[in-house]
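Descriptive analysis of the structure
Below, each chain spelled out in residue letters.
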Amino acid sequence: MRDSVLQLGRSAAGAAANYGAAVFARSHADFTSKVGIALEEMEESWRWLRLLRDAMNDPPHDLAPLIDEARQLTAILAASHQTAR
């Protein structure tokens, strides 16, 4: 489970870093690419959160809002990426 948590941290950091890079993109193509990468990383974070929840016998109550937030961020990034494309 420890490895799963570490991987979640890496994917969440990757999503944040690539979204931040998209804000300062040098071109529309660069923006679209960075948002696409942020989307992939956010989807991975959402997946890890759900896997962690399913692997726990008694998941903490504060995990549910994080899963919902990850779902919402994934939807926002997907819409942004689709619009940019």
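Each remark here, short or long, concerns the structure printed above.
The following paragraphs examine the structure supplied in this document. All figures in this text were calculated on a predicted structure; none of them were measured in a lab. (Residues numbered from 1 in each chain as written. Predicted model: local features only at pLDDT ≥ 70, side-chain atom pairs only at ≥ 80, totals over all residues. Heavy atoms only, no water.)

1. A closer look at the side chain of Thr74
Threshold: The numbering of helices and of strands both runs from the N terminus, where a helix is a DSSP run of H or I of at least 4 residues and a strand a run of E of at least 2. For every residue, the accessible area (1.4 Å probe, protein chains only) is compared with the maximum for its type, and the residue is labelled buried under 20%, exposed over 50%, or partly exposed between those bounds. Working rule for contacts: check all heavy atoms of both residues, and any pair within 4.5 Å makes them a contact.
Summarising the element assignment, Thr74 is placed in helix H3 (residues 63–84). The exposure class of Thr74 is buried, given its relative accessible area of 6%. Leave out the neighbours within four places in its chain, and Thr74 touches Leu39, Met42, Glu43 and Trp46.

2. As for the nonpolar core
Counted only if it meets this: Residues belong to one nonpolar core when they are buried, are Ala, Val, Leu, Ile, Met, Phe, Trp, Tyr or Cys, and are joined through side-chain atoms within 4.5 Å.
By size, the foremost hydrophobic cluster in this structure holds 13 residues, and its most contacted members are Met42, Leu49 and Leu77. Secondary structure elements with two or more residues in this core: helix H1 (2–23), helix H2 (28–55) and H3. Those residues in contact with Met42 that sit more than four places away from it in its chain are Ala15, Ala70, Leu73, Thr74 and Leu77.

3. Looking at the pattern of salt bridges
Heads up, the rule is: By definition, a salt bridge exists where a carboxyl oxygen of Asp or Glu is found within 4 Å of a side-chain nitrogen of Lys or Arg.
Here the structure, examined in full by the defined rule, presents two salt bridges. Put simply, Arg71 and Asp68 hold a salt bridge, and the shortest N to O gap is 2.8 Å. Placement of both Arg71 and Asp68 in helix H3 is noted, with a separation of three residues, approximately one turn of the helix. Using a relative accessible area of 38% as the deciding quantity, one classes Arg71 as partly exposed.

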